[in-house]
Amino acid sequence: MTTATPAPTSAFPDLTGEPRIAYFSMEIALRSEIPTYSGGLGVLAGDTMRSSADLGLPLIGVTLVSRAGYFRQQIVDGRQVEQPQWWEPLQWAQQMPAKVAVQIGERPVWVAAWLYTVESGFGPCGRPVPVLLLDTDVPENHPDDRTITHQLYGGDQAYRLKQEMVLGIGGVRMLRALGVTVRKFHLNEGHAALLTLELLATQGRRGGPQVDTAAVRRRCVFTTHTPVEAGHDRFSHELAGPMLGGLFASPAVRQLGGEGELNMTLLALNLSEWVNGVARRHAEVSRRMFPGYDVQAITNGVHARTWTAESFARLFDTHVPGWGHEPETLVQVADRLSDAEVTAAHREAKAALLEHLRGLPGGAAFDPAWPILGYARRMTPYKRPELLFTDLQRLKDIATRLPFQIVVAGKAHPRDDGGRRAIEMLHGWASELQGAVPLVFVPDYNMDVARRLVSGADVWLNTPRRPLEASGTSGMKAALNGVPNLSVPDGWWLEGCIEGVTGWSIGGDTDADNDGDARALYDKLEQQVLPLFHRDPAGWCAVMKGAISRNGYHFNSHRMMRRYAVEAYLR
Ligand SMILES: *Cc1c(COP(=O)(O)O)cnc(C)c1O
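Residues numbered from 1 in each chain as written. Predicted model: local features only at pLDDT ≥ 70, side-chain atom pairs only at ≥ 80, totals over all residues. Heavy atoms only, no water.

- Going by an unreviewed UniProt entry, the protein carries the name glycogen phosphorylase and comes from Caldimonas brevitalea.
- Annotation of the protein in UniProt includes, under Cofactor (unreviewed entry), the sentence "pyridoxal 5'-phosphate".
- UniProt annotates the protein under Sequence similarities (unreviewed entry) with the comment "Belongs to the glycogen phosphorylase family." (UniProt positions renumbered as here; feature names shortened; annotations may be inferred.)

So, the site of the ligand
Here is step 1: Among the 14 residues in the neighbourhood of the ligand, the closest are listed as Arg377, Lys383, Thr473, Ser474 and Lys477.
Here is step 2: The separation between an oxygen atom of the ligand and a polar side-chain atom of Lys383 is 2.7 Å.
Here is step 3: Within the backbone of Thr473, an N or O atom sits 2.6 Å from an oxygen atom of the ligand.
Here is step 4: Looking at the shell around the ligand, the elements that each hand over two or more residues are helix H1 (40-55), helix H17 (447-456) and helix H18 (474-480).
Here is step 5: Here the residues of the shell around the ligand are counted per class, giving 5 nonpolar, 6 polar and 3 charged. (Near = heavy atom within 4 Å. Polar contact = N/O pair within 3.5 Å; in protein donor to acceptor, adjacent residues only side chain to side chain. Helix = DSSP H or I, 4+ residues; strand = E, 2+ residues; numbered from the N terminus. Nonpolar A, V, L, I, M, F, W, Y, C, P; charged D, E, K, R; others polar.)

With respect to the packing of aromatic side chains
Here is step 1: Evaluation of the coordinates by the stated rule reveals 13 aromatic pairs.
Here is step 2: Taken together, a centroid distance of 6.4 Å and an interplanar angle of 70 degrees make the contact between Trp274 and Tyr564 edge-to-face. One end of the pair, Trp274, is in strand E13 (residues 274-277); the other, Tyr564, is in helix H22 (residues 557-569), and 290 residues separate them in sequence. Taken individually, Trp274 and Tyr564 each receive the classification buried, so the pair is uniform in this respect.
Here is step 3: Seen in terms of ring centroids, Trp492 and Phe555 are 4.8 Å apart; in terms of plane orientation they differ by 70 degrees. Their pairing is edge-to-face. With Trp492 in the loop between strand E19 (485-487) and helix H19 (493-496) and Phe555 in the loop between helix H21 (537-552) and H22, this pair connects stretches of sequence that are 63 residues apart. The same class applies to Trp492 as to Phe555, namely buried.
Here is step 4: Put simply, the rings of Tyr70, Phe71 and Tyr153 pair up and form one aromatic cluster. (Phe/Tyr/Trp six-rings, centres within 6.5 Å; stacked < 30°, edge-to-face > 60°. Buried < 20%, exposed > 50% of the residue type's maximum accessible area, 1.4 Å probe, protein only.)

Digging into helix H10 (residues 280-289)
Here is step 1: Taken residue by residue, H10 has His282, Ala283, Val285, Ser286 and Met289 as its buried positions. For H10, the buried positions fall inside an angular range of 165 degrees around the axis, keeping them on one side. Those residues of H10 that are exposed and angled more than 90 degrees off the buried face are Arg280 and Arg288. (Arc of directions from axis to C-beta.)

Brief notes about the pairing of strand E17 (residues 439-442)
Here is step 1: Burial along E17 is two-sided: the residues Leu439 and Phe441 and Val440 and Val442 are all buried.
Here is step 2: The pairing of strand E16 (residues 405-409) with E17 spans 4 bridges and is classified as parallel. By the bridge assignment for E17, Ala409 is matched with Val442.
Here is step 3: The β-α-β motif built from E16, the intervening helix H16 (residues 417-432) and the parallel element E17 has right-handed crossover chirality. (Pairing = 2+ DSSP bridges. Right-handed = clockwise from strand over helix to strand, strands pointing away.)

Description of the sheet that holds strand E18 (residues 459-462)
Here is step 1: As summarised here, the arrangement of the 6 strands in space is E17-E16-E15-E18-E19-E20, forming an open sheet in which the pairing is parallel. The sheet is open, and its two edges are formed by E17 and strand E20 (503-505), each paired on a single side. Across the sheet, the axes of successive neighbouring strands diverge by a mean angle of 20 degrees, strand direction being ignored.
Here is step 2: Here 2 bridges tie strand E15 (residues 372-376) to E18, and the two strands are oriented parallel to one another. Bridge pairing in E18 places Gly374 opposite Trp460.
Here is step 3: The sheet contacts of H16 involve E16 and E17, and relative to E17 the element is tilted by about 150 degrees. (Axes fitted to C-alpha atoms, helices over the stretch in contact; angles between N-to-C directions. Contact = heavy atoms within 4.5 Å.)

Structural notes on the pattern of salt bridges
Here is step 1: By the definition in use, this model includes 35 salt bridges.
Here is step 2: A salt bridge links Glu495 to Arg280; the shortest N-O distance between them is 3.9 Å. With a gap of 215 residues between them, Glu495 in helix H19 and Arg280 in helix H10 connect regions that are remote in the sequence.
Here is step 3: The closest approach of N and O atoms between Asp517 and Arg466, which form a salt bridge, is 3.1 Å. Taken together, the residues Asp517 in helix H20 (residues 514-535) and Arg466 in the loop between E18 and H18 connect sequence positions 51 residues apart. Here Asp517 matches Arg466 in class, with each residue buried.
Here is step 4: One network of salt bridges, in which partners are shared, links Arg384, Arg466, Asp511 and Asp517. (Salt bridge = Lys/Arg side-chain N within 4 Å of Asp/Glu carboxyl O.)

Next comes the structure, spelled out in structure tokens:
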């Protein structure tokens, strides 16, 4: 079934040789110009590649080319409008000399691959990490099949299953065709779980029809990101059976993915020897959700160099040289940087954000002297973007005594009605708050916008429903830039919050009602956060340094990848 045409030649980078960790992810955020990501999952995958390149870890990324991207967000009359975001792979990547076929239902679908190379920025042991972008838009394919790798998370259930077949099954075959030796397969979320079926079919069998799950389990590492059952990817057997054909025919294989339906998380759990959640609380929740499975915790991190503003990177270069390779050294920031230096670095980042906002509706009202509350992430109901606006009168009252301003950004999945409604509501609130609390919605949230927001804001806000924020990573980016978090204690913030030292928490540790959380948020803003900002610059600066030295030093992807290497990959 696998056909390679022709064998890799010397004109192409040689991916054979040293055994690699094959990291499979539906989305990988390689750079802002390449729209192959929708949010935190993809950015984490990108930071995984970047840290691996810096640390010299032998990874190879496997993802979809997503030629039409996720989507470009425009705001028309306060509503989200989606446009395809076509990009040209040839501009950034190199076409690899192999095509493999995956039988999807009635037809074989040909899969090609583009090679993007993540270069290490610096560091004593940096090595480039190759990333394969799988592409079905080739002349051999039926017109319908050419679109399979066009739109990230687009289409219906059938389209999604086809994408996951291309990623999981096509990805394994492509690695084989290119001569890559794989030491471990790392499944970043359940989307990649079908790779286990390909492994079972090709090497899990010793002669007879018996499936050798142990042989496959030994090679697979699975990171789960979803703390609710309903969020797990699943497909009916009626859909999956015919589409997967022989790979999914045997009762033993069906059992691994769930009796009633094909549950990708269950399939990955059953065929991975090492499983982890992305924060301690998330691992606990996952263990409760899947009794009998051993779920470890490796808390997420962000790539320090990528997410640190130039002004702070310069300061760190001077006072904690080597911080990019060993972000732990940022622990020294609290003692080595003066208040004046930290304040000046932040002022520069804030000026860059204000410059960006000036061109947007409402942006001219922003005052550099007032604090900016920043909130940006995928717009979806469980993240409760509306919580801050529960009581507009109270917000206005607080602002008359302690002025502040708000900047918001985020895309809603085209079929997420709750998320789309939130964007509409935010635009309504911006009008209602006019003259009292300046509010700007920055359209088309992406890596570039994120970089500006997490460094230019003064306080980074997060208000998810507990325990649904598996980890969250934008707050880690803010911390690296001396921007303290004000967040519900969930995900990483349960580990990162030292009250009044790295930032502040909102409400208690158990899930509260919206009104209770909103009151807690207003109280904290009114009694602690805003008074400190307006009346105690030295106290504020101490929290900024606390964010860098006690959050930034730990919640980075270098620490995260060293843990994956030692605990998961080298087993
Ligand atoms: C970091 C990042 C995210 C993740 O934000 P969370 O707060 O973890 O949800 C999403 N989108 C983009 C563009 C990012 O850079």
